[in-house]
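Here is what each chain is made of, one letter per residue.
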Protein chains: 2
Amino acid sequence: MNDIVIHGTYFSSINRDEVITCEGYLICVDQTGTISRTIAPCEDDFNTVLQEAKQSDRLVELKDNQYILPGFIDLHIHAPQWPQAGLALDLPLADWLNHYTFPLEAKYQDLEYAKMVYKDLIHELLSQGTTTALMFGTIHTEANLVLARQSAAAGLRAYIGQVVMDNPEQTPEFYRNKSTQEALEANEEFILAMQELAKQTQSTLVPVITPRFVPSCTDETLAGLAKQAKQYDLPIQSHLSESDWEHNYAIERFGLHDTEVMEKFGLLTDKSVMAHGTQLTDSDLATLHHKQTAIAHCPISNSYFGNAVLPTKKILRQGNKIGLGSDISGGYSPSLYYNIRQAVKSSQMLEDGVDSAQPAQSRGVKSSRITMANAFYLATLAGAEALHLKAGKIAPGYQADLQIVNAHPALMNLSQDDIFQRLMYQTERSDIAQVYVG
Amino acid sequence: MNDIVIHGTYFSSINRDEVITCEGYLICVDQTGTISRTIAPCEDDFNTVLQEAKQSDRLVELKDNQYILPGFIDLHIHAPQWPQAGLALDLPLADWLNHYTFPLEAKYQDLEYAKMVYKDLIHELLSQGTTTALMFGTIHTEANLVLARQSAAAGLRAYIGQVVMDNPEQTPEFYRNKSTQEALEANEEFILAMQELAKQTQSTLVPVITPRFVPSCTDETLAGLAKQAKQYDLPIQSHLSESDWEHNYAIERFGLHDTEVMEKFGLLTDKSVMAHGTQLTDSDLATLHHKQTAIAHCPISNSYFGNAVLPTKKILRQGNKIGLGSDISGGYSPSLYYNIRQAVKSSQMLEDGVDSAQPAQSRGVKSSRITMANAFYLATLAGAEALHLKAGKIAPGYQADLQIVNAHPALMNLSQDDIFQRLMYQTERSDIAQVYVG
C-alpha cells in the first residue's frame, strides 16, 4: 500500500557522470518512507495507480514549474557554528578560531542556547533542501543530545559527533576536554544515549566518533577513539590536511602526513568521512582509497581556508569516495546549491590556474574541471554512499528523501538538461517548495 | 521640502577600504530623488524632522531587522542573454557562443520577445538590489529601445549599448552587421533615439558605444565607433583581454595587446568601461590607469571563461578605476551579492594558489586578497564613479538609490561590522524588502 504517490518530473544521479530525467513519473512511497516503485507514463498501470492515489487523497501533484530532486546530504557541518555563518571570514584562521569559533562553541554548555540555535539550524537545513547531515557538535554531551532530539523531531537524518579535543597545546583552556579519560567516558555516554534515542524516536540518529582534528587531540585520545569506533562499529569524522598549516602540523609532530597519522591510530575505515583534504598527496589519496574512507569536499570553505583546490575530478576518476559539505561556518552558507556551484567554479579555476602572469600551458592542472552532473552526484548519491545510507537517489528501495523545487519561468525553450542546469544554478531557499524526509 | 525621510541604520562605502555604519539616522530625500541630508540621532533637529515626516506621512520607518544599503551598480550585463543565465556553462566558449548565445541574441529582431524578456530582466535586477546597469543590448535598434523604454518605466538607471559586430570572420552570418556603414548609421540612429527618450522620460538613459569586442569588429568599425563616442561625448563599453583566446587574438591580428588595439582606435577614454581584463599585463593596466578607463570585474563569469583571476587588490592599490559586473550570462546570476562573494573568494584563491602539488610559497600571488569592504565598494561607489554618476553612496548630493534588506535573525551578539558581513554573505533575493531609485 502506498502512503503517498508523487506525480511529476524528477532528476537523479545514476552514477558520477550521469543525471537522468524522468518526465511525468509517479514516485510511490510506502508507509516506511521508502520509495517502493517509480512508474513511467508509458507503463500499463500508470493511470490506475494515479487515479487510486487521487481518489484516496494520497496524490501529490506537482505544478508545471516544479521538479523533484533527491534531498541533499551535507557531509560536513559544525552545528554550533551556525550563529557565526558569514562572519569574520576576513580574518586569519588563528583569529577566526580563537576569537570567534572556540568562544562560540564553549557557549553550548548553556542548553537553552543550544535549543535555540539547533532548532533554527535544523529548520534552515531542511528549508535549503538538505535531508541528511553529518555534523560536529561540541564537547558537551547534553547539548549534543539536544541537537539529536531536535533533528529527530524535525525529521532531519542526523549523524552527530561529540567533538573531542584534549591537547592543551592546541586548544584553549575554556574549551577543552579535561583528560583522555574524561573525553572517552563522556563519549561513551554520548554514544549510548544516542543509540537509545534512535530507538525511542525511530529516527536515523547515528553517533559519530569525532576527534576534532589531529592537532587538537593527544595520542592516547586518538587511539581511544579508534577503539570506541571499532567497539561500537561507528562512523568516524574529522578534518584531514585541510590547509598547509594542518598538513604541516602532523609532519612536525609525528614525521607523518595527516593521513598516515589517522591510519596509524586506526581512524581510517570504510565508515570514515574526512573533511577538506585540499593538501592531500597522491599517496594520501591512495591510502584513503585503499581504506574506502570518504572525503567531504567543502568548496566554499576551502576557498577561504584550504590554500588550494581539492582535485575533485582526479579523485572521482580514481574512484575515491567523496561527497559534499557546507562546512558551516568555514563556509558561509548552509545551502548545498551554493556549494555545488562553487565546486564547479573551483574545479574550473584549478584547471585554468589563477595567475595570468604564468604561461597558460602551465598555469593550472589539466582535466580538473567537473561537470554540474558530477557536483550534483557529490551532493546526493555519493554523500549517501559515504554514510552507507540508502538515499540520495530516486529509485525503488531508496529512502524517499525528496525536495520539490520551483523553477524560474523559462523565457526560451529549454531541454531537460537545460532545466536541470538552471535548477542547479538559480535555486535559492525561497524556491524550495517542499521537503520530504522518508 | 523632503519628499520622503527614511529612518534606519545604513552601511555605505566612503573609500575603497572603509564602510561606515550610521545607526538610526534619517535619510532625507528631496523631490528630485536626491539625498538632501543625513541626520544623526544626536543632531539638534533630528526629532523635529522625524516628527514632521511622520505627521505628513512621508516617513519610512525601518523594522528592527532591516538595514539600508546603496543600490548596486552592475557594470557589465548582456540583457538579451537573460533567458540562458545558468545554461551551458559546462560547454567550451566556442560552443557556448555559437550554439547558445548568438542564436539567442538573433531572436531580438522579434520585438514581442524583446518586450517579454526585458521586462522580466529589469524586474529581476531591481529585485536583486541593482539600481543602475551598464548593459549590452543586441544589434537591433528597435529592441534596444524597448530595453530603454522598459528601464525608464520601471525606474532602472540604464546605460545601454547597441552591439556592433561586423567582422565576418568572427561572427555568424545570421547575427552580424551587414557593413561598417550600416552599423554606424544604425548606431547613430540609436544614439539619437536614446537621447530623445531620455528627455521624454526624464530618466537616466544613456546610449553607450559598444563594439562587442575586438575580434568581432573590422578596423573601420572600431575607428568609426570611436569617432561617434567623441562626437556625442558618450561612454564606451567592450570586453578586454577576457581570456587567453581573446588576449592572443589581438596579438595575432594586430601584433598588439587588446588594450593597445583599443587605445590605437581611440576607444579608451575616461568614460570607457572594459569588462573582465583577466589577462591584462602590468603595462596594459598602466595604460588603462593613464586613460582613466574603468574595468568591470565579473568574478563569477571569470571563473568559467577568464582563464585566471583578475588581480583586484593590485588594481585597487594602483588606483585603477574598477567596478563589479554580473556578466549575465557568462555569469549565471544577476545578483551582485553573489558576485561580491565570488570576488572575495577568487581573490583569496589568487593569493593562495590552487594546485597543492606546488610549494605553498610559490603557489599563489601574495597580497591578493580583497576584503568584503573592498568588494562592496566595487559594487557601489566605484561602479558609480566609473559611470560618472553621483550614486552608490549614502550622502548628501547623491542619488537616493537605495535597497532595504532584511537581516536574518541574529543568534548571538553582533557588532555593526558583523551585521554588514552577514548581509553581504547571506542576502538572497527574497531578503530584499524594498528598492528605491531616486
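Residues numbered from 1 in each chain as written. Chains lettered and ligands numbered in written order. Predicted model: local features only at pLDDT ≥ 70, side-chain atom pairs only at ≥ 80, totals over all residues. Heavy atoms only, no water.

S.K.: Kindly report on the overall build of chain A, identifying the contributing residues and their values.
M.R.: Helices and strands together make up the secondary structure of chain A, namely 15 helices and 15 strands. Its C-alpha atoms give chain A a radius of gyration of 22 Å, near enough to 22 Å, the size a compact globule of 438 residues would have. Here chain A, with 438 residues, has 65% of them falling under the buried criterion. Of the contacts made within chain A by residues no fewer than 6 positions apart, 73% connect residues no fewer than 24 positions apart. In the form shown here, chain A has an accessible surface area of approximately 15,300 Å², with 48% of it arising from carbon and sulfur atoms. Here chain A holds 33 positive side-chain charges and 52 negative ones, and the gap between their average locations is 2 Å. (Helix = DSSP H or I, 4+ residues; strand = E, 2+ residues; numbered from the N terminus. Rg over C-alpha atoms; globule rule 2.2 N^0.38 Å. Buried < 20%, exposed > 50% of the residue type's maximum accessible area, 1.4 Å probe, protein only. Contact = heavy atoms within 4.5 Å. Areas by Shrake-Rupley, 256 points an atom, 1.4 Å probe, with all protein chains shown as cover. Lys, Arg positive; Asp, Glu negative; His and termini not counted. Charge placed at Lys NZ, Arg CZ, Asp CG, Glu CD.)

S.K.: Before we move on, can you summarise empty space enclosed by the protein with the specific residues and values?
M.R.: For the structure shown, the criterion picks out 5 cavities of 30 Å³ or more. Contributing to the lining of the largest cavity are Y332, Y338, R341, Q342 and K345 of chain A together with I300, Y332, Y338, R341, Q342 and K345 of chain B. Of all elements in the fold, only α12 (336-352) of chain A together with α12 (336-352) of chain B reach the threshold of two or more residues within the lining of the largest cavity. Here the lining of the largest cavity is built from residues that sort into 5 nonpolar, 2 polar and 4 charged. (1 Å grid on protein atoms, 1.4 Å probe; cavity = no way out; pocket = protein on both sides within 12 Å on 5 of 7 lines; lining within 4 Å. Points joined across faces, edges and corners; volume = space filled by probe spheres on them. Nonpolar A, V, L, I, M, F, W, Y, C, P; charged D, E, K, R; others polar.)

S.K.: An account of the nonpolar core is requested, with residue identities and associated values reported.
M.R.: Counting residues in each nonpolar core, the largest one holds 223 residues, and the members touching the most others are M135 and M424 of chain A together with M135 and M424 of chain B. Residues contacting M135 of chain B, with those up to four places away along its chain left out, are I77, A79, L147, S151, L156, A158, Y159, I160, G161 and Q237 of chain B. (Core = buried A, V, L, I, M, F, W, Y, C linked by side-chain atoms within 4.5 Å.)

S.K.: Could you give an account of the interface of chain A and chain B, with specific residues and numbers?
M.R.: Taken together, the contacts link 58 residues of chain A with 58 residues of chain B. Note on chain A versus chain B: buried area summed over both sides is about 5,200 Å², and carbon and sulfur give 52% of it. Taken as a group, D90, V354 and L411 of chain A account for 15% of the area that chain A buries against chain B, more than any other trio of residues on that side. Joining chain A to chain B, the criterion identifies 4 salt bridges. (Buried area = accessible area lost by both parts, 1.4 Å probe. Salt bridge = Lys/Arg side-chain N within 4 Å of Asp/Glu carboxyl O.)

S.K.: Outline unusual backbone geometry, supporting the account with residue identities and numerical values.
M.R.: With an omega dihedral of 5°, the bond running from I328 of chain A to S329 of chain A counts as a cis peptide bond. Relative to the helices and strands, S329 of chain A is located in the loop between β13 (321-324) and α12. One non-glycine residue with positive phi stands out, namely N307 of chain B, at about 60°. Among the secondary structure elements, N307 of chain B is positioned in the loop between α10 (299-305) and α11 (312-317).

S.K.: Describe the pattern of salt bridges, naming the residues involved and giving the relevant values.
M.R.: Residues and elements named next belong to chain B. Tallying each qualifying case throughout the model produces 24 salt bridges over all chains. D17 serves as the salt-bridge partner of R16, at 3.4 Å between the closest nitrogen and oxygen. Since its relative accessible area comes to 31%, R16 is described here as partly exposed. Taking relative accessible area as the criterion, D17 reaches 40% and is therefore assigned partly exposed. The closest approach of N and O atoms between K271 and D233, which form a salt bridge, is 3.3 Å. One end of the pair, K271, is in the loop between α8 (258-264) and β11 (272-276); the other, D233, is in the loop between α6 (219-232) and β10 (236-240), and 38 residues separate them in sequence. By relative accessible area, which is 22% here, K271 ends up partly exposed.

S.K.: Which residues make up the packing of aromatic side chains, and what values do they have?
M.R.: For the coordinates displayed, the defined rule picks out 35 aromatic pairs over all chains. Seen in terms of ring centroids, F72 of chain A and F376 of chain A are 6.5 Å apart; in terms of plane orientation they differ by 80°. Their pairing is edge-to-face. Taken together, the residues span a long stretch of sequence, with F72 of chain A in strand β6 (residues 72-78) and F376 of chain A in helix α14 (residues 372-386) at a distance of 304 residues. Note on F376 of chain A: relative accessible area 0%, which makes it buried. An angle of 80° between the planes, with centres 5.6 Å apart, marks the rings of Y10 of chain B and Y25 of chain B as edge-to-face. With a gap of 15 residues between them, Y10 of chain B in strand β1 (residues 2-13) and Y25 of chain B in strand β2 (residues 19-30) connect regions that are remote in the sequence. The positively charged end of K107 of chain A is found above the aromatic ring belonging to Y113 of chain A, 4.3 Å away from the centroid. (Phe/Tyr/Trp six-rings, centres within 6.5 Å; stacked < 30°, edge-to-face > 60°. Lys NZ or Arg CZ within 6 Å of the ring centre and 35° of its normal.)

S.K.: If you had to explain the relation of the copies chain A and chain B to someone new, which residues and values would you point to?
M.R.: Relative to chain B, chain A is turned by 180° and slid 0.0 Å along the rotation axis, the superposed coordinates differing by an RMSD of 0.0 Å. With respect to symmetry, the two chain copies, as superposed, fit the operation of a two-fold axis. Both copies share a contact surface, since 100% of the interface residues of chain A are interface residues in chain B too. (Least-squares fit on C-alpha atoms with pLDDT ≥ 70 in both.)

S.K.: Which residues make up the state of the cysteines, and what are the values?
M.R.: Under the definition given, this model contains 0 disulfides over all chains. C217 of chain A provides the cysteine sulfur closest to C298 of chain A, a residue in no disulfide bond, and the two sulfurs are 18 Å apart. (Disulfide = S-S within 2.5 Å.)

S.K.: Which residues make up the environment of F11 of chain A, and what are the values?
M.R.: Residue and element names in this part refer to chain A. If you trace the backbone, F11 turns up in strand β1 (residues 2-13). When its relative accessible area of 0% is taken as the criterion, F11 is described as buried. For the pair F11 and E23, spaced 12 residues apart in sequence, the C-alpha separation works out to 8.8 Å.

S.K.: Please set out α12 of chain B residue by residue, giving values where relevant.
M.R.: Residue and element names in this part refer to chain B. In this model α12 runs 24 Å from its N-terminal to its C-terminal C-alpha over 17 residues, within 8% of the 24 Å that 1.5 Å per residue would give. Structurally, the start of α12 carries an N-cap: the backbone nitrogen of Y337 is 3.1 Å from a side-chain oxygen of S335. G353 sits one or two residues past α12 and shows a positive phi near 80°. (Expected span 1.5 Å × (residues − 1). Polar contact = N/O pair within 3.5 Å; in protein donor to acceptor, adjacent residues only side chain to side chain.)

S.K.: Account for the confidence of the model for chain A, naming residues and giving values.
M.R.: Averaged over all residues, the pLDDT of chain A equals 97, while 100% of them reach at least 70. As scored by the predictor, the complex reaches a pTM of 0.98 and an ipTM of 0.97. (pLDDT = per-residue confidence, 0-100.)

S.K.: Residues and numbers for the packing of α12 of chain A against α12 of chain B, please.
M.R.: Contact geometry of α12 of chain A with α12 of chain B gives a least axis separation of 12 Å together with a crossing angle of 40°. If you check the angle between α12 of chain A and α12 of chain B, you find them oblique. Crossing geometry of α12 of chain A relative to α12 of chain B is assigned as right-handed. Of α12 of chain B, the residues touching α12 of chain A (which contributes Y338, Q342, K345, S346 and M349 of chain A) are Y338, Q342, K345, S346 and M349 of chain B. Class assignment of the residues belonging to the contact of α12 of chain A with α12 of chain B gives a composition of 4 nonpolar, 4 polar and 2 charged. (Axes fitted to C-alpha atoms, helices over the stretch in contact; angles between N-to-C directions. Parallel < 35°, antiparallel > 145°, perpendicular 65-115°, else oblique. Left-handed = near helix turned anticlockwise from the far one by under 90°.)

S.K.: Summarise helix α9 (residues 282-291) of chain B; cite the residues concerned and give the values.
M.R.: Residues and elements named next belong to chain B. Inspection of α9 places D284, L285, T287 and L288 among the buried residues, and these make up the whole buried set. An end-on view of α9 places all buried positions within 155° of arc, on one side of the element. In this structure, α9 carries D282 and H290 as exposed residues pointing more than 90 degrees from its buried face. For α9, the secondary structure elements touched by its buried residues are β10, α7 (244-254), α8, β12 (294-297) and α11. Downstream of α9 by one or two residues, Q292 has phi in the positive range, about 60°. (Arc of directions from axis to C-beta.)

S.K.: Quick one: what's the story with the pairing of strand β14 (residues 401-406) of chain A, residue by residue and with numbers?
M.R.: Residues and elements named next belong to chain A. Burial of β14 is extensive: 5 of the 6 residues sit out of reach of the surface. Of the strand pairs in this sheet, strand β5 (residues 66-70) and β14 are connected by 5 bridges, and their pairing is antiparallel. Counted as the bridge partner of Y67 is V405 from β14. (Pairing = 2+ DSSP bridges.)

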